[in-house]
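What follows is each chain in one-letter form.
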Amino acid sequence: MMPAHETYDVVVIGAGAGGMTAAAVAAAEGLRVLVIEKTAFVGGTTAWSGGMVWIPANTKMKEAGLSDSITDAVQYLSGTVPEPANAGLRAAFLARGPEAVAWLEANTEVRLQSVKVYPDYYPERLGATSGGRVLEPVAFDGTRLGQAFARLRPPLPEFTLFGGMMVNRLDIPHLRRVGKSLRSTLRVARLVFAYALQRLRSPRGTTLHLGNALAAQLYASLLARQVEILFSADVEDLSMQGDRVAGVVIRHGARDRLIAARRGVVLATGGFSHDASLRKRFFPPAAGFVSATSTSGTGDGLRLAATAGAALNTDATSPAYWVPASLFRRADGSRGVFPHTVTDRAKPGVIAVNAAGRRFVNEALSYHEFVLAMLRDGNGEPDRPFYLVCDRAFLWAYGLGRIKPFTRSVRRYVASGELIEAPDIAQLAAKIAIKPSVLAATIAGYNEAAKEGRDTEFGRGSTFYQRHLGDAAHKPNPCVAPILRAPFFAMRIYPADLGTAIGMKVDAQGRVLRDDATPIAGLYACGNDMGSIMNGNYPGPGITLGPALTFGYIAGRHLAEGGVMSMLTPVAATTSV
């Protein structure tokens, strides 16, 4: 179906979190908005994500009895994002992030709640907090979308249970205690019963959590405001009037059509994680070609912006946000990518080894730091193998990659090659082409201290963040336990990205800039199309979605104000909550 109109006030390209936020804000301000999405679904990578939104000094913190200030956040970022590049954008983010959250909750269907305990990734740095800066979406009932629910990108099947049941962060401990705790068993029974009823009416569960809930909230906001969404359409070009972006040329089916945008165009196409040429240009050779993002992120926004004279923001210490990932084949033959974010690496009883069979990193560091260590190892050689190694006790208690805890038979994972199994360490080493004596020495050295809950080589479990990701029930160190019980297992992991950090230069209003720092009239960017305000650093959970929502909001408000400078007073640098 082609767009109903030839002219809109705003055209947004991309229906991820940033693009839908910009569209929802502009529509709530009374503008006619068209969203153009190249796939058949809304949600982008957000729909697959944990849905965490990092917004320091947000008002939800005060409601939860937590304190924070912009001053503390500035201090924390000065230690974790030390480069001066994009300081003005970080200041705009800190000033207007809380405002964006409050406005979205007052004017759209977005509902967020404080995560009281979720530490910043560098808790030892000045200005860090142990929780509250992270917001998560409130659970959303997918039936509220009606028939449009089918247009919401489903979560990754590896993060659901029973073929489509989503669970939230607080359900996971109860799932691990089924049969051991009456309270947990009853809670899980209620979840499963509700899911069974939902499946009578829907092809998957309709109680949505994590990033799927956030994408659904934003989608509901668009539907409630009659925002038109054009699916499976490609934007061929930007339409220019002089030096101003005045619309887009779209291809839908076999037809090209010019769509005018009175106020402007917002680029939110998801970065370039799946574009081979751009990866080769910007990524280190050791990064390879594994991405945990939606395959729709192929650099469309960057290429469109280049035709209008846009400048790239290449001031990044890292060109992407990283995560270790394992690869596998699904039953339908598609390749699966499992991001090892928080479910296994920091738990007690697993280590990571390099191609030589030695540990190379503290396994409980943030996923971004973990991969930076992978990229440094072996002087950044391409295709250098890395493995997570554990024993039977660990695999049963915590799972590994997409293999869930309490999996009775891992035969199919072993048969496919995803999981390597051996009756002893020497044979495991041989199967992964590591010298048996080296791997045996690595595990023996680790085990010696691990029996007392210590990690003498890397200090695993030494920070609040690391302990938070471990197993609180395991004493004395929630992150450390020996590897003792045969059989033993290994799983290959790869450097993968969670999104690109190199993108367009923008100003504090979200307007795309030229090389001379002048804004291109009528052109905005947000999400991963916008260069990282953190310069490719990863200070805490949700530092991609936090700026995506904030600058989507900023762009939407600026467009609604007719492209003039915002008259809103920014939050002062010393504001506290």
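Note: the structure precedes this text.
Residues numbered from 1 in each chain as written. Predicted model: local features only at pLDDT ≥ 70, side-chain atom pairs only at ≥ 80, totals over all residues. Heavy atoms only, no water.

Caption draft 1: Representation of the packing of helix α4 (residues 87-107) against helix α16 (residues 545-560) within the structure. Packing of α4 against α16 brings their axes to within 8 Å, and their N-to-C directions diverge by 80°. One element, α4, and the other, α16, form an angle in the roughly perpendicular class. Residues Leu89, Ala92, Phe93, Arg96, Gly97, Glu99, Ala100, Trp103 and Leu104 of α4 lie in contact with α16, whose contacting residues are Gly546, Pro547, Leu549, Thr550, Phe551, Tyr553, Ile554 and Arg557. A per-class count over the contact of α4 with α16 returns 11 nonpolar, 3 polar and 3 charged. (Axes fitted to C-alpha atoms, helices over the stretch in contact; angles between N-to-C directions. Helix = DSSP H or I, 4+ residues; strand = E, 2+ residues; numbered from the N terminus. Parallel < 35°, antiparallel > 145°, perpendicular 65-115°, else oblique. Contact = heavy atoms within 4.5 Å. Nonpolar A, V, L, I, M, F, W, Y, C, P; charged D, E, K, R; others polar.)

Caption draft 2: Inspection of the sheet that holds strand β5 (residues 134-137) at higher detail. Within the open sheet, the 3 strands sit side by side as β3-β5-β4. Their pairing is antiparallel. The open sheet is flanked by β3 (53-54) and β4 (112-114), the only strands paired with a single partner. Direction of pairing for β3 relative to β5: antiparallel, over a ladder of 2 bridges. Bridging from a neighbouring strand, Val53 pairs with Leu135 of β5. (Pairing = 2+ DSSP bridges.)

Caption draft 3: Representation of the packing of helix α1 (residues 17-28) against α16 in the model. For the pair α1 and α16, interaxial distance at closest approach is 7 Å and the crossing angle is 30°. Our classification of the angle between α1 and α16 gives roughly parallel. Crossing angle aside, the handedness with which α1 passes α16 is right-handed. The residues of α16 that touch α1, namely those facing Ala17, Gly18, Thr21, Ala22, Val25 and Ala26, are Leu545, Ala548, Leu549, Gly552, Tyr553, Gly556 and Arg557. Taken together, the residues that form the contact of α1 with α16 break down as 8 nonpolar, 4 polar and 1 charged. (Left-handed = near helix turned anticlockwise from the far one by under 90°.)

Caption draft 4: Broad picture of the nonpolar core. One finds Val11, Val33, Val248, Val265 and Leu523 to be the most contacted residues of the largest nonpolar core, which totals 169 residues. Discounting residues that sit within four places of it in the chain, Val265 has contacts with Val11, Ile13, Leu238, Val245, Gly247, Val248, Gly522, Leu523 and Tyr524. (Core = buried A, V, L, I, M, F, W, Y, C linked by side-chain atoms within 4.5 Å. Buried < 20%, exposed > 50% of the residue type's maximum accessible area, 1.4 Å probe, protein only.)

Caption draft 5: Structural detail: empty space enclosed by the protein. Here the structure, examined in full by the defined rule, presents 1 cavity of 30 Å³ or more. Considered class by class, the residues forming the lining of the largest cavity number 7 nonpolar, 5 polar and no charged. (1 Å grid on protein atoms, 1.4 Å probe; cavity = no way out; pocket = protein on both sides within 12 Å on 5 of 7 lines; lining within 4 Å. Points joined across faces, edges and corners; volume = space filled by probe spheres on them.)

Caption draft 6: Seen up close, the layout of surface pockets. Of the pockets and cavities examined, the second largest pocket occupies roughly 410 Å³. Trp48, Leu156, Pro157, Arg330 and Arg335 are the residues nearest the centre of the second largest pocket, which is lined by 17 residues in total. Split by residue class, the lining of the second largest pocket holds 7 nonpolar, 6 polar and 4 charged.

Caption draft 7: A look at unusual backbone geometry. Omega for the peptide link from Lys475 to Pro476 comes to 0°, which places this bond in the cis form. For Pro476, the location among the structural elements is in the loop between α15 (464-469) and β18 (488-500). Of the consecutive residues Ala486 and Pro487, the connecting peptide bond is found in the cis state with omega at 0°. With respect to the helices and strands, the residue Pro487 is situated in the loop between α15 and β18. For Phe162, which is not a glycine, the phi torsion comes out positive at approximately 55°. With respect to the helices and strands, the residue Phe162 is situated in the loop between β6 (140-141) and α5 (171-176). In this structure, Ser232 is a non-glycine residue whose phi angle is positive, near 50°.

Caption draft 8: Local environment of a nonpolar patch on the surface. There is a patch of nonpolar side chains on the surface, built from Phe193, Leu197 and Leu200 and spanning about 350 Å² of accessible area. Locating Phe193 in the fold gives a position in helix α6 (residues 182-199). (Patch = residues over 30% accessible without salt bridge, like charges linked within 9 Å, V, L, I, M, F, W, Y side chains within 5 Å. Areas by Shrake-Rupley, 256 points an atom, 1.4 Å probe, with all protein chains shown as cover. Salt bridge = Lys/Arg side-chain N within 4 Å of Asp/Glu carboxyl O.)

Caption draft 9: Structural view of the pattern of salt bridges. With the rule as written, the count across this model stands at 27 salt bridges. Linking Asp9 and Arg262 is a salt bridge whose minimum nitrogen-to-oxygen distance equals 3.0 Å. Here Asp9 is found in strand β1 (residues 7-13), whereas its partner Arg262 is found in strand β11 (residues 255-267), with 253 residues between them in sequence. Arg133 is paired through a salt bridge with Asp120; the nearest N and O atoms lie 2.9 Å apart. Taken together, the positions of Arg133 in the loop between β4 and β5 and Asp120 in the loop between β4 and β5 put the pair 13 residues apart, joining distant regions of the chain. Taken individually, Arg133 and Asp120 each receive the classification buried, so the pair is uniform in this respect.

Caption draft 10: Region of the structure containing helix α7 (residues 210-224). In this model, α7 (15 residues) spans 21 Å end to end at C-alpha, consistent with the 21 Å of a helix rising 1.5 Å per residue. Within α7, 12 of the 15 residues are buried, which leaves the element mostly enclosed by the surrounding structure. Buried within α7 are the following residues: Gly211, Asn212, Ala213, Leu214, Ala215, Ala216, Gln217, Leu218, Tyr219, Ala220, Ser221 and Leu222. (Expected span 1.5 Å × (residues − 1).)

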